[in-house]
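Observations on chain architecture
Residues per chain are reported as follows:
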Amino acid sequence: MDRSLKETVYSPDSELLSFGTLMRNMWSDLLDSRELAWRLLVRNISAQYRQSLLGYAWAIAPPADEQPPPPTLHPAPCRHG
């Protein structure tokens, strides 16, 4: 058995009742999974922009067709009276 693995013991006591313990465990899990999160982020960006002419530049500056149209100046309506 690998001794580097953490042993988990389940009990009827809820960690939600102890806010400090809950936050410490959440932070620990987040730090443990940061490498996985980084690899998934890089993989998704690579897959999305692989076929693009400008490639990774679109990740920073989205294409023009995804931008809202610029505001236009409309002439004031004519009032006949």
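Procedures and definitions
- Residues numbered from 1 in each chain as written.
- Predicted model: local features only at pLDDT ≥ 70, side-chain atom pairs only at ≥ 80, totals over all residues.
- Heavy atoms only, no water.
- Helix = DSSP H or I, 4+ residues; strand = E, 2+ residues; numbered from the N terminus.
- Buried < 20%, exposed > 50% of the residue type's maximum accessible area, 1.4 Å probe, protein only.
- Areas by Shrake-Rupley, 256 points an atom, 1.4 Å probe, with all protein chains shown as cover.
- Salt bridge = Lys/Arg side-chain N within 4 Å of Asp/Glu carboxyl O.
- pLDDT = per-residue confidence, 0-100.

Structural notes on the overall build of the chain
Of the regular secondary structure elements, the chain holds three helices and zero strands. Listing each helix as α and each strand as β along the chain from the N terminus yields α-α-α. Here the chain, with 81 residues, has 6% of them falling under the buried criterion. When the accessible surface of the chain is summed, it comes to about 8500 Å², and 62% of that surface belongs to carbon and sulfur atoms.

A few points about the pattern of salt bridges
Using the criterion set out here, one finds one salt bridge in the structure. Between Arg 39 and Glu 35 there is a salt bridge, with the nearest N and O atoms lying 3.0 Å from each other. Here Arg 39 and its partner Glu 35 are both found in helix α2 (residues 34-49), four residues apart, which amounts to about one turn of the helix. The class for Arg 39 is exposed, based on a relative accessible area of 55%.

Quick notes on the confidence of the model for the chain
Here the chain averages 76 in pLDDT, while 60% of its residues score no lower than 70. Put simply, helix α3 (residues 57-60) is where the chain has its lowest mean pLDDT, 69, and helix α1 (residues 19-32) is where it has its highest, 88.

Some words on the side chain of Ser 46
With respect to the secondary-structure elements, Ser 46 resides in helix α2. The exposure class assigned to Ser 46 is buried, which follows from its relative accessible area of 15%.

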